[in-house]
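# Descriptive structure summary
Here is what each chain is made of, one letter per residue.
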Amino acid sequence: MTARARITAVPVPSLEPDRLEPFVGRERVERLDRTAEAVRARLGGRRVVNVNSTATGGGVAEMLQTLLGYVRGAGIDTEWLVIDGDPQFFAVTKRIHNGLYGGPGDGCPLGDAERAHYEQTATENVSGLRDALRPGDVVIVHDPQPAGLVPALLADGHAVVWRCHVGLDRTNEWSERAWEFVRPYVQDARAFVFSRRAFAPHWVDEGRLAVIPPAIDPLAPKNEALDHETVLGVLATAGLIASDGIAPHPRVSHPAQIVREGRAPAPETPLVVQVSRWDRMKDMAGVLRAFAAGVDTAGGAQLVLAGPAVEGVDDDPEGLEVWNETVELWRTLAPSERERVHLVAIPMDDPLENALVVNALQTHAAVVVQKSLAEGFGLTVSEAMWKSRPVVASAVGGIADQIVDGESGLLLDDPGDLGRMAGLVSSILASPAEAARLGANARRRVAERFLPDRQLVQYAELLERLLTGDPA
């Protein structure tokens, strides 16, 4: 007999769209209000239910927390449900995830045994999900983990949207293998949402495709403005910089796990920072190699590679492996190089505290790096740009949509070119004026394109079309 999986409802506080007005202006808020009113009328009391596989630890969870808060603030009834799965299930879905990014992942198969376990997990989740849904609910299913639920939801009469946050601009054997696995479950969805048009596989027809890049909330704990004293207090209390003469910050009670040799950086030390999940596609190891071998540290620059504590991300079984691999690579450096590189695992016990530490670290950074090998969107790029930081990032996936090379950041055409990456970072460290120019332009670009009202309007327009029977 099939067991029933535990479906978790995630609490989402309501956020009033009017609070965005200081950042986007009255005209954009009024457009959002009009669009939301039309959707409310179309829904007629029905809900919009989002389903994914984790409530913490990654960009999708962060995006949902913000997006659904504003949806509720706009008067639309919405829920966020998280499915359950065992380690074997998440190993398979991580393999799919890596495949959609064009990589082999752990190199293990996606064959009949993996499909059987994946479908068994979907079946176990369907019963619990049916208990949580109401007739007529619109269901947005996020990414490969819950994709196996789509056929049952369609059979129950729900309007189902599959939202895929990952992808590859040009397919390869690994992405084709992953799409072959996922396609049978999602191909009949009423609509598809991708961050970039190029991510959509060839079998998704234009009439059901919507391209909706993510956005960041300027008032979220990870993005709200912090004064200099707060930044130093947060970083010192978390252990990321030396605490001499700096008052502890009362909001930080969980020190970060840090691998370093010697003292913490002084507050005035220029920090090159990458904040990412411990995921091979984020290429923390490549950043470390490039910094150690080629970044000009005459001005005293040091590197901080930071990510969530590996036990705090439920749906990412590779996190611990990547953390350990990065630590082992750090150990191979000469002592003088190890002193300039800090590996940081930020606790996830308190999500708001985690967000505050990330905010302070990005705000304090002299340069923010995102040297991904592949990327769906890369929220950390917009986050750093919003804080007026100069960003050096790979020209892959959604990163290339965020940064205009030479205007609002610097793009690395080949993520594998470590010498070029080191040269771009060094050029910013050597020119405070250029850093300031790039940072100012970066914030302006995020304000224009990557704040929540734009994303909310696009989703609202999709829902209105879906509810009239015409998702095109």
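Below is a short write-up of the structure. (Residues numbered from 1 in each chain as written. Predicted model: local features only at pLDDT ≥ 70, side-chain atom pairs only at ≥ 80, totals over all residues. Heavy atoms only, no water.)

## A closer look at the packing of helix 4 (residues 87–100) against helix 5 (residues 112–132)
Packing of helix 4 against helix 5 leaves a shortest axis separation of 10 Å and a crossing angle of 115°. Taken together, the axes of helix 4 and helix 5 lie roughly perpendicular to each other. Crossing of helix 4 over helix 5 shows left-handed handedness. Where helix 4 approaches helix 5, its residues Q88, F89, V92, T93, R95 and I96 are matched on the opposing element by E114, H117, Y118 and T121. (Axes fitted to C-alpha atoms, helices over the stretch in contact; angles between N-to-C directions. Helix = DSSP H or I, 4+ residues; strand = E, 2+ residues; numbered from the N terminus. Parallel < 35°, antiparallel > 145°, perpendicular 65-115°, else oblique. Left-handed = near helix turned anticlockwise from the far one by under 90°. Contact = heavy atoms within 4.5 Å.)

## What about the side chain of H142?
Here H142 lies in strand 4 (residues 138–142). When its relative accessible area of 1% is taken as the criterion, H142 is described as buried. At a separation of 2.9 Å, a polar atom in the side chain of H142 contacts the side chain of H165. Not counting chain neighbours up to four residues away, the residues in contact with H142 comprise N50, V51, N52, V60, M63, L64, W162, R163 and H165. (Buried < 20%, exposed > 50% of the residue type's maximum accessible area, 1.4 Å probe, protein only. Polar contact = N/O pair within 3.5 Å; in protein donor to acceptor, adjacent residues only side chain to side chain.)

## Some words on the packing of aromatic side chains
Each aromatic ring pair is specified by the distance between its two centres and by the angle formed by the two planes. In total, this model carries 13 aromatic pairs according to the counting rule given. An angle of 25° between the planes, with centres 5.7 Å apart, marks the rings of F89 and Y118 as stacked. Pair noted here: F89 is in helix 4 and Y118 is in helix 5, with a separation of 29 residues, a long-range link. Here the two residues F89 and Y118 agree in accessibility, since each one is buried. (Phe/Tyr/Trp six-rings, centres within 6.5 Å; stacked < 30°, edge-to-face > 60°.)

## Focus: the sheet that holds strand 13 (residues 391–394)
Across the sheet, which stays open at both edges, the seven strands sit in the order 8-11-10-9-12-13-14 with mixed pairing between neighbours. Looking at strand neighbours, the two that pair on one side only are strand 8 (257–259) and strand 14 (410–412), the edges of this open sheet. Pairs of neighbouring strands in the sheet enclose a mean axial angle of 20°, with direction left out of account. Bridge analysis of strand 13 against strand 14 gives three bridges, and the strand direction is parallel. Looking at strand 14, one finds that A393 is bridged to L411. (Pairing = 2+ DSSP bridges.)

## Description of a negative patch on the surface
Negative charge collects at one region of the surface, where D405, E407, D413, D414 and D417 lie side by side. Relative to the helices and strands, D417 resides in the loop between strand 14 and helix 15 (418–429). According to the relative accessible area criterion, D417 is partly exposed, its value standing at 33%. (Patch = residues over 30% accessible without salt bridge, like charges linked within 9 Å, V, L, I, M, F, W, Y side chains within 5 Å. Areas by Shrake-Rupley, 256 points an atom, 1.4 Å probe, with all protein chains shown as cover. Salt bridge = Lys/Arg side-chain N within 4 Å of Asp/Glu carboxyl O. Lys, Arg positive; Asp, Glu negative; His and termini not counted. Charge placed at Lys NZ, Arg CZ, Asp CG, Glu CD.)

## Description of the pattern of salt bridges
Summed over the entire model, instances satisfying the criterion amount to 28 salt bridges. Put simply, E30 and R26 hold a salt bridge, and the shortest N to O gap is 3.5 Å. Taken together, the positions of E30 and R26, both in helix 2 (residues 26–43) and four residues apart, correspond to about one turn of that helix. Across the salt bridge formed by R197 and E206, the nearest N and O atoms sit 2.6 Å from each other. By relative accessible area, E206 is classed as exposed at 53%.

## Some points on unusual backbone geometry
Even without glycine at this site, D283 takes up a positive phi of about 55°. With respect to the secondary-structure elements, D283 resides in the loop between strand 9 (271–275) and helix 9 (284–294). Phi is positive for S388, close to 60°, though the residue is something other than glycine. Of note, S388 is situated in the loop between helix 13 (379–386) and strand 13.

## What to know about the sheet that holds strand 2 (residues 48–52)
Within the open sheet, the seven strands sit side by side as 1-3-2-4-5-6-7. Their pairing is mixed. Strands at the two margins of the open sheet, each flanked by one partner only, are strand 1 (8–9) and strand 7 (209–211). In this structure, strand 2 lies alongside strand 3 (residues 78–82), joined through five bridges in parallel fashion. When the bridges of strand 3 are listed, V49 appears paired with E79.

## Concerning the pairing of strand 11 (residues 341–346)
When you tally the buried positions in strand 11, you get six out of six residues, the bulk of the element. What you see with strand 11 is no split at all: V341, L343 and A345 on one side and H342, V344 and I346 on the other are buried throughout. Sheet topology places strand 8 next to strand 11; three bridges connect them, and they run antiparallel. In the strand pairing of strand 11, I258 is matched with V344. Bridge count for strand 10 (residues 302–308) against strand 11 is six bridges, and the pairing is parallel.

## Overview of the nonpolar core
Core analysis: the largest hydrophobic core is formed by 80 residues, its most contacted members being W80, L361, V391 and I403. Per-element accounting of this core gives the leading share, eight residues, to helix 3 (residues 59–73). When near neighbours in sequence (up to four residues on either side) are disregarded, W80 contacts T8, A9, V10, V12, N50, N52, T54, A55, A61, L64, Q65 and L68. If you look at the next biggest cluster of nonpolar residues, it comprises 43 residues, including L133, V139, W162 and V204. (Core = buried A, V, L, I, M, F, W, Y, C linked by side-chain atoms within 4.5 Å.)

## What to know about the environment of N52
Secondary-structure assignment places N52 in strand 2. With a relative accessible area of 3%, N52 lands in the buried category. Separated by 92 residues in the primary sequence, N52 and P144 have C-alpha atoms spaced 8.9 Å apart. Contacts of N52, omitting those with residues within four sequence positions, involve V60, L64, W80, L81, V82, I83, H142 and P146. For N52, the side chain forms a polar contact with the side chain of W80, separated by 2.7 Å.

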